[in-house]
Amino acid sequence: QVDLTACTAATDYDVRGPEVSYDGTRLTFALRAGEDDGLNVYVSDLDGSGCEALTSDGGSTDNGVAIHNFDPVFAPDDPINNPGGKLVFASTRPGKAGRAHVSPRHRLPASNLWRMDLNGDNPEQMTFLTGSEVSPAFMQNGQLTMTAEKASSTFYQLSGRRINWDLTDYHPLL
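Conventions and cut-offs
Residues numbered from 1 in each chain as written. Predicted model: local features only at pLDDT ≥ 70, side-chain atom pairs only at ≥ 80, totals over all residues. Heavy atoms only, no water. Pairing = 2+ DSSP bridges. Helix = DSSP H or I, 4+ residues; strand = E, 2+ residues; numbered from the N terminus. Core = buried A, V, L, I, M, F, W, Y, C linked by side-chain atoms within 4.5 Å. Buried < 20%, exposed > 50% of the residue type's maximum accessible area, 1.4 Å probe, protein only. Contact = heavy atoms within 4.5 Å. Polar contact = N/O pair within 3.5 Å; in protein donor to acceptor, adjacent residues only side chain to side chain. Disulfide = S-S within 2.5 Å. Phe/Tyr/Trp six-rings, centres within 6.5 Å; stacked < 30°, edge-to-face > 60°. Lys NZ or Arg CZ within 6 Å of the ring centre and 35° of its normal.

J.: Quick rundown of the sheet that holds strand E1 (residues 14-20)? Include the residues and the values.
T.: With antiparallel pairing, 4 strands are arranged side by side in an open sheet as E1-E2-E3-E4. Across the chains shown, the open sheet's two edge strands, defined by having one partner strand only, are E1 and strand E4 (52-53). In terms of strand pairing, E1 meets strand E2 (residues 26-32) through 5 bridges, oriented antiparallel. Its bridge partner lying in E2, Glu19 is registered against Thr28.

J.: How would you sum up the nonpolar core? Please name residues and give values.
T.: Within the largest apolar cluster, 14 residues are counted, with the highest numbers of intra-cluster contacts made by Val88, Leu113, Met126, Phe138, Leu144 and Trp165. Considering every element that reaches this core, the biggest residue donor is strand E7 (residues 69-75), with 3 residues. Filtering out sequence-adjacent residues up to four positions away, Val88 remains in contact with Asp71, Pro72, Val73, Ala75, Trp114, Arg115, Met126, Pro136, Phe138, Leu144 and Trp165.

J.: Describe in detail the environment of Thr168, supporting the description with residues and values.
T.: Its place among the elements puts Thr168 in the loop between strand E13 (156-163) and strand E14 (171-172). Separated by 42 residues in the primary sequence, Thr168 and Met126 have C-alpha atoms spaced 10.0 Å apart. Within the local environment of Thr168, its side chain forms a polar contact with the side chain of Asp166, the two groups lying 2.5 Å apart.

J.: Describe the state of the cysteines, listing the residues and the values that go with them.
T.: For the coordinates displayed, the defined rule picks out 1 disulfide. A sulfur-sulfur distance of 1.9 Å marks the disulfide that ties Cys7 to Cys51. As the torsion about the S-S bond is roughly 100°, the Cys7-Cys51 disulfide counts as right-handed. Of the two residues, Cys7 sits in the segment before E1 while Cys51 sits in the loop between strand E3 (40-45) and E4, which places them 44 residues apart along the sequence. For the pair shown, Cys7 and Cys51 are each scored as buried.

J.: Lay out the environment of His101 in plain terms, naming residues and giving numbers.
T.: Of note, His101 is situated in the loop between strand E8 (86-91) and strand E9 (112-117). Between the C-alpha atom of His101 and that of Asn63, which follows or precedes it by 38 residues, the distance is 7.2 Å. Excluding residues within four positions of it along the chain, His101 makes contact with Val65, Leu108, Pro109, Ala110, Asn112, Leu129 and Thr130. A distance of 3.4 Å separates the side chain of His101 from the backbone oxygen of Leu129, its partner in a polar contact.

J.: How would you summarise the packing of aromatic side chains if you had to cite specific residues and measurements?
T.: Considering all chains together, one arrives at 2 aromatic pairs under this definition. Seen from their ring centres, Phe29 and Tyr42 are 5.8 Å apart, and the 0° between their planes marks the pair as stacked. Separated by 13 residues along the polypeptide, Phe29 in strand E2 and Tyr42 in strand E3 bring together distant segments of the chain. On the accessibility criterion, Phe29 (1% relative accessible area) is buried. The exposure class of Tyr42 is buried, given its relative accessible area of 12%. Measuring from ring centre to ring centre gives 6.0 Å for Phe138 and Trp165, while their planes differ by 45°; the resulting arrangement is tilted. Of this pair, Phe138 sits in strand E11 (residues 133-138) while Trp165 sits in the loop between E13 and E14, and the two are 27 residues apart along the sequence. Residue Phe138 is classed as buried on the basis of its relative accessible area of 17%. Above the face of the Trp114 ring, Arg93 is positioned so that its terminal group lies 5.0 Å from the ring centre.

Taken by themselves, the reported measurements are silent on function.
Here you go:
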């Protein structure tokens, strides 16, 4: 059990997707203070101390779409491609399209993958689809995998996808 009072979490908080850092010293997760709040990404020590919010736009809206930041994972430290490490997370925030949007089939907030420094600085959009991409994870070779939603009015599919850290070679896993 982790005490999240250092996160200023109320008694009615919702925690999703906890992940432990590769060195086993830190925890990242999405948290919201009740159903009327939006999810934001947090990091803390394993016991919940030293908790800090890395995103703060969860709970706002853009273009009528609720903003949530969720599914955070630690990216492996790589001295060449990712020195110091980063966090990757899914978000419904507006990105390069300039506005938040909903998925084509189910009309739910669509999410793309983002990465940021371990202190929340330098957020960067990694994917740019009209459907949702969720559940980021890393393969041993450093490639990022995710579940991607492909949809239209007559078609719906969830598939495994992968992308290199330098944002090249976005492909299906199967």
